[in-house]
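Notes for the structure review
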Amino acid sequence: MIRKSSFLLIGLALLSFAFICKKYFAADAPMSNQQTAFALPNRPELMRGVSWVAADSVTLEQLQALKQNNIEWISQTPFGWQAAYNSPEVRLNTRANRAYWGESDLGLINTTRQAKKLGIKTLLKPHIWLHDRTGKWLGDIEMNSEAEWQDWFRNYRTFILHYAQLAQQEQIEAFCIGTELHKPAVTHEQAWRDLIKDIRKVYSGQLTYAANWYLEYEQIKFWDELDFIGVQAYFPLTKKNNPTLKELKKGWEQHLPDLAKIARRYQKPIVFTEAGYKSTPDAGIEPWKWPERGAQPELPQAASTQAACYEAMFQTVWHQPWFRGMYIWKWYPRLRENRQYHGDFTPQNKPAAQILAQWYGKQ
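First, a word on what this report is: a plain description of the structure on this page.

Analysis parameters
Residues numbered from 1 in each chain as written. Predicted model: local features only at pLDDT ≥ 70, side-chain atom pairs only at ≥ 80, totals over all residues. Heavy atoms only, no water. Phe/Tyr/Trp six-rings, centres within 6.5 Å; stacked < 30°, edge-to-face > 60°. Helix = DSSP H or I, 4+ residues; strand = E, 2+ residues; numbered from the N terminus. Buried < 20%, exposed > 50% of the residue type's maximum accessible area, 1.4 Å probe, protein only. Pairing = 2+ DSSP bridges. Contact = heavy atoms within 4.5 Å. Axes fitted to C-alpha atoms, helices over the stretch in contact; angles between N-to-C directions. Salt bridge = Lys/Arg side-chain N within 4 Å of Asp/Glu carboxyl O. Core = buried A, V, L, I, M, F, W, Y, C linked by side-chain atoms within 4.5 Å. Arc of directions from axis to C-beta.

1. Quick notes on the packing of aromatic side chains
Summed over all chains, the structure comprises 33 aromatic pairs. Relative to W152, the ring of W149 has its centre 6.0 Å away and its plane inclined at 80 degrees; by these criteria the two rings are edge-to-face. Of the two residues, W149 and W152 are both situated in helix α4 (residues 146–169); the distance of 3 residues between them amounts to about one turn of the helix. On the accessibility criterion, W149 (7% relative accessible area) is buried.

2. Topic: the sheet that holds strand β4 (residues 91–92)
Taken in spatial order, the 3 strands of this open sheet run β4-β3-β6, and their pairing is mixed. Each edge of the sheet is formed by a strand with only one pairing partner; in this case those strands are β4 and β6 (127–132). Pairing geometry for strand β3 (residues 79–84) and β4, over 2 bridges, is antiparallel. Residue W81 lies in a different strand from β4, and its bridge partner there is R91.

3. With respect to the environment of L123
With respect to the helices and strands, the residue L123 is situated in strand β5 (residues 121–124). Classification of L123 as buried rests on a relative accessible area of 0%. Sequence spacing of L123 and G205 is 82 residues, and the spatial spacing of their C-alpha atoms is 9.9 Å. Beyond its immediate sequence surroundings of up to four residues, L123 is in contact with W73, I74, S75, Q76, A174, F175, C176, T208, T273 and Y327.

4. Examining the sheet that holds β5
Judged by pairing direction, the barrel is parallel, and its 8 strands sit side by side in the order β1-β2-β5-β7-β8-β9-β10-β11 before closing back on the first. The average undirected angle you get between the axes of adjacent strands in this sheet is 25 degrees. Two elements, strand β1 (residues 47–52) and strand β11 (residues 323–331), share 5 bridges in a ladder whose sense is parallel. Following the sheet pairing, G49 is matched in β11 by Y327.

5. A closer look at the pattern of salt bridges
Side chains that carry opposite charge are capable of pairing whenever their charged atoms lie near each other. For the coordinates displayed, the defined rule picks out 16 salt bridges. Between R48 and E45 there is a salt bridge, with the nearest N and O atoms lying 3.2 Å from each other. Classification of R48 by relative accessible area gives buried; the value is 2%. E45 gets classed as exposed once you look at its relative accessible area, which sits at 52%. A salt bridge links D151 to R154; the nearest nitrogen and oxygen atoms lie 2.2 Å apart. With a gap of 3 residues between them, D151 and R154 both fall in helix α4, about one helical turn apart. The class of D151 is partly exposed, set by a relative accessible area of 28%. Residue R154 is classed as partly exposed on the basis of its relative accessible area of 48%. Several salt bridges share partner residues, and in doing so they unite E189, R193, D224 and E225 into one network.

6. Some remarks on the pairing of β5
Relative to β5, strand β2 (residues 73–76) is paired through 4 bridges, and the arrangement is parallel. Bridge assignment links W73 to a residue of β5, and that residue is K121. Note: β5 against strand β7 (residues 174–179), 2 bridges, orientation parallel. Across the sheet, the residue bridging to L123 is A174, located in β7.

7. Examining the nonpolar core
Counting residues in each nonpolar core, the largest one holds 90 residues, and the members touching the most others are F175, W192, Y209, W252 and F272. Residue contributions to this core peak at 11 residues, all from α4. Every residue in contact with W192, bar those within four places of it in the chain, is listed here: W152, F153, Y156, I177, L181, P184, A185, Y209 and F222. Within the second largest apolar cluster, 9 residues are counted, among which are W73, A174, C176 and F228.

8. Concerning helix α8 (residues 245–253)
Within the sequence span of α8, burial applies to L248, G251 and W252. Buried positions in α8, seen along its axis, are confined to an arc of 100 degrees and lie on one side of it. Exposed residues pointing more than 90 degrees away from the buried face of α8 are listed as K246 and K250.

As C-alpha cells, then:
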C-alpha cells in the first residue's frame with residue numbers, strides 16, 4: 001500500500017518536471033496571434049531616424065529640414081578601412097584631409113553639435129569598408145588563422161574604441177559597435193563580449209550592433225549585453241514589380257514571427273538600424289540592392305512603388321510591441337539642384353517623404 005507521502009512526493013516531482021519543460025522549451029514555442037512576444041515597459045519614445053549622408057559641411061538650415069519631417073534622430077557613419085576580407089589590418093582615417101569632411105572627427109563633432117541645438121539625437125555607427133572586395137562583403141570577413149583573428153580583433157578594438165571615446169566626449173546618445181560583420185560576430189562570440197565590456201568602460205550611452213536581416217540577427221548570441229537589437233531591415237517583400245500595398249504587407253508578415261522571437265528570447269527591443277527602398281518598380285523584391293547606374297524607370301510608377309513600400313512597413317511594424325524605431329536609408333543634407341530624379345534610396349522630394357513625416361509624427 002502506497003503512503004500518502006509517496007503520492008505527495010510524486011506530485012511534487014511532476015510539478016518540477018513541468019516547470020523545467022516550460023522554462024527550457026517556452027522560448028522557442030510558436031506563438032498564437034493573441035500572444036505578445038515582448039512589450040516595452042511604458043514603451044519609450046521611438047527612434048524616428050534617418051541615415052545622414054556625410055557632406056563637406058553642414059548647416060542648421062539643412063538639419064532643420066529634418067525637424068520639418070518629424071525626424072528626431074540621425075545616424076552618422078565614419079569608416080574603418082580594410083584591404084581585403086582576409087586581411088587583419090583595420091585603418092583609421094579621422095582627419096578631414098583624408099576622408100569626407102562629414103566622416104572625419106571634425107565633421108562628426110560639428111554635425112552632432114549642430115543637431116543638438118535642434119534637439120536631434122545621434123546614433124554613431126562606425127562601419128568597415130573593404131577596399132578589395134573580389135566578390136566578398138563585410139559578412140565574409142574571415143582570417144586564415146586564429147593568430148590573424150586575434151590581430152583583427154586587436155585592430156578592430158582600436159578602431160571602435162576611438163569612436164566610443166568620441167561618442168562619450170560629445171555625449172552622443174547611442175553607439176553601434178559593429179555593422180553586418182556576420183562571420184566575425186557569429187564565430188567569435190567571446191571576443192565581442194570582451195569588446196563590449198571595454199566599450200562600456202569608456203562610453204555610458206546606449207549600445208547596439210547592426211545585424212544583417214538575412215540569418216545574422218538570428219544567429220548572434222551577445223544581444224543580452226546590448227541595450228537594443230539592431231537589424232538592417234532590407235527584408236524581401238515580393239517577387240513582382242509594382243506590387244500592391246496588400247501584397248507588401250503580406251510580405252512583411254512572414255518576417256514578423258522571427259523578429260518577435262528574438263525580442264522575446266533576449267527581452268530586448270528591436271530597432272531597424274537601416275531600412276529603406278529605392279524609387280524603382282522592383283523596390284520590394286531585393287530592397288538591399290542598389291539601383292543600376294543610369295537607370296531611369298517611369299517616374300510616377302517608381303515613386304508610387306517606393307511610397308507603397310514605406311506605407312506597408314509603417315503599417316506593419318510601427319505598433320509592434322517589440323519595435324523601438326528605425327533609421328531610413330538615406331537622407332542627403334542637400335540634393336543637387338540640377339538633378340531632377342534620384343532613383344536611389346532617399347525619400348526626399350518624393351511621395352515617400354510625406355509618408356515618413358506622417359508616421360514619424362504619430363505616437
